[in-house]
Amino acid sequence: MIKGGRSLISSAPVFSNDAKKLLVCTSNNVSIFSTSTGLQITELEGHTTLVTSVIVVPTFTPSSQILCYCWTSSLDGTVRYWDFSLPELMKTVDIRMPIFSMVIHHLLTQGTEIDGKPPTLFAYLSVENAKVRHDQRKVHRRILKCNLTKSRLAAGVVLAETQLTESITISSSGKFFGIPKKRKLHVWEVIDHDHEAAPIKRITLHHTKNLTVFAFHPTERIVAVGDVTGRILIWRSFGSRTFSVGGLTNGKAMNNEDERPGVRGDDDADSCATWHWHFAEVKVLSFSSDGAFLYSVNSIQQLLPWRWKGRVLVVWQLDTGKKKFLPRIGSPLLYFTTSLDPSLSSVSCADNLIHLLKMPSMEIFKSISGIKLPCSFPKIYGGLCSRFTFDQTAGLVAFRTLDGSMMSTAETKLPEEGLGGLVCLKFWTSGPQSKGFSLSTIIYEPHRDAGISAIAFHPTRRMAVSSFYGGDFKRFGLEVMSFSKENRCLRILAGHVIGSYKKKPMTAAAFSGDGSVLAIAAETVITIWDQEKNVLVAVIGETLEPITMLSFIGNSEYLVSASRGLKSQLSLWSLSRLSVSWSYELFKQKTVASAMDVSYFAVLALLPQSSKCTELTETKRDGRDGVILLFKAGEPIPVATWSVKKGRFGYASIYGELPEFDVKRNQTDWHHFCHLKSPGRPYFLDHRIIFLPLQNCVQPSWNLC
């Protein structure tokens, strides 16, 4: 496999004490960049797998700011101590468990010596027990305590056990650290004279929604938390009954214990305020160095109602809750990092880019750029299917026309305690040179209060059809009104119900290649409509589970459907015979893509994780998560397959040399790929790679990405 540049955004970067260097986790190494030039100075090499965190050892006097020491953790199970001015590895602590997150207590405090010796240094680690198999029903992710001075784990100290790998956040004073765990926030207090068996007090704060990120106030006992709905919660005087009073002030503490506005149950906090402006989940929270302001960023794939690329950095005034908006960076933000120099900060963007900012104006004066992903929205790839989806957790799905000139988004705002739910359909038009989209028309509640299941654009006309789970579908006539090259508006000509079938939920929609036929899935059957006359022509099918995807195969007579459930199916239908040509019972399909000019289509299917799979195939999956199957319409045997592994931004294909392949000669090999549950209905199990030269099965103009 050919590897390109490394990611600059796998973890948050860290500034050196003098703010002249920026330390960035880049795969197995830590790359060190100059903040004045944006160029790489040197690199820390030694870890064998991904570096997950880097912590610069702070200094407490101006004269010691020239010292350049740091600790790093990695999935290779080691914690390493470096002098990054040389650079030189000073110490290695091996705990033999992958480390996903690390914080160090006494680094952030100017600890006093005990009996003439410096205080023992302890780290708190989020680790995974690699000895526990993933199919075992055991919690194998833990928060552990590590004695860095003696290079060993604290015996018997397990602070928490979780099902997911949690990131640890520590306060700037080093006195508190915590993790979000679903709808709870766990916060621990570390005593000043810490030792291996020292008791560590913990409090738990509760919320009604899953938490995504949180931050500690730099000087007061205040914690800010973001959730999946876009809310920000501000807990004041947390731990006032459980923790010691020293170290931080309690902020605006309440004297009357019965008056604790916003606090749930018996949570240890004096008050909890809620701010709600973000439309989607909060991804970034960070306090200013003086604690007067709170910075927040919404979900990396949010579409705000009035603008595309609407990722906004919001500045909240802590005392009043008033907000203002800073200039857009242009790309989704992942991390906001401050330095000891109040005039310098950085933001890490999802397109593998780090911007160095002048504060408080947020002006970009230097950028550190990595290699961007090859497939970036809104670039259009010929031959791929005409629909795509993103940010399903926020209830948002996007569809575009074949030429990329228009796009539609179906957005669902979930109700809170039974109130406030909203479904809207938005149409967008592309800008000059296809540089993004601008909002043109909004239709609120297009199908009363039911959710939208699919949107299909006519291949040759300005027309769109939307189907919904309430039992019918609508057709919208579209007209693009151009006022100038830069200013175009989309006008809705009509929107009326044109069909339903036995009041069944409409779950998928697709136009044929020439646009003469419209196929609508009514749960487990497929209804065929003459879109010119708006009449039902035929009903075909029936599948075992509800159909979730429909796609016509080029200009052929075939229609492919995918259904999901306990008995997921991939079926090919012949419109000339109004019957199924062949059907597979797949474990789980992720997506189906077809070409408009040739009779080929591809399916991404996930591999089952049961032991039955291994028994039947007698092979190991080697970490592969699925398989891409390339079919020729009318033929039940794939002409090519590719194994794939799930990565950070989707599925990465595992390619090799493409040998000559004869479909007829190798049909016997296909039986090794499936378990025949019934004639003609195999169950995909194997993960081996069979390649067919692409020039034999697809046109040279295809772009595979």
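Since this is a predicted model, take the numbers as computed values, not measurements. (Residues numbered from 1 in each chain as written. Predicted model: local features only at pLDDT ≥ 70, side-chain atom pairs only at ≥ 80, totals over all residues. Heavy atoms only, no water.)

Trainee: How should I be thinking about the sheet that holds strand β43 (residues 569-574) in this particular structure?
Mentor: Backbone hydrogen bonds hold the strands of a sheet together, and the pairing may be parallel or antiparallel. Pairing within the open sheet is antiparallel, and its four strands lie in the order β41-β42-β43-β44. Each edge of the open sheet carries a strand with a single partner, namely β41 (547-552) and β44 (579-585). Between one strand axis and the next, the sheet turns by 20° as a mean value, whatever way the strands run. Pairing of β41 with strand β42 (residues 558-563) involves five bridges; the strand directions are antiparallel. What sits directly across from Ile547, in β42, is Ser563. (Pairing = 2+ DSSP bridges. Helix = DSSP H or I, 4+ residues; strand = E, 2+ residues; numbered from the N terminus. Axes fitted to C-alpha atoms, helices over the stretch in contact; angles between N-to-C directions.)

Trainee: Can you help me understand the confidence of the model for the chain in this one?
Mentor: Looking at the chain as a whole, the pLDDT averages 75, with 69% of positions reaching at least 70. Scored below 50 in pLDDT, residues 374-396 makes 54 contacts in the model with residues more than four places away or belonging to other chains. Segment residues 653-705: pLDDT under 50, and 117 contacts once partners within four positions in sequence are set aside and those in other chains are kept. (pLDDT = per-residue confidence, 0-100. Contact = heavy atoms within 4.5 Å.)

Trainee: Just to check I follow, could you spell out the environment of Leu550 for this structure?
Mentor: Within the fold, Leu550 resides in strand β41. Given the relative accessible area of 1%, Leu550 is considered buried. (Buried < 20%, exposed > 50% of the residue type's maximum accessible area, 1.4 Å probe, protein only.)

Trainee: Even after reading the chapter, I still don't get the pattern of salt bridges, so can you show me in this structure?
Mentor: Where side chains of opposite charge bring their charged atoms close, a pairing between them can arise. Scanning the entire structure with this criterion turns up nine salt bridges. A salt bridge links Arg6 to Glu43; the shortest N-O distance between them is 2.7 Å. Highlighted residues: Arg6 in the segment before β1 (14-15) and Glu43 in strand β4 (residues 40-44), separated in sequence by 37 residues. Its relative accessible area of 34% is what places Arg6 among the partly exposed residues. The class of Glu43 is buried, set by a relative accessible area of 17%. (Salt bridge = Lys/Arg side-chain N within 4 Å of Asp/Glu carboxyl O.)

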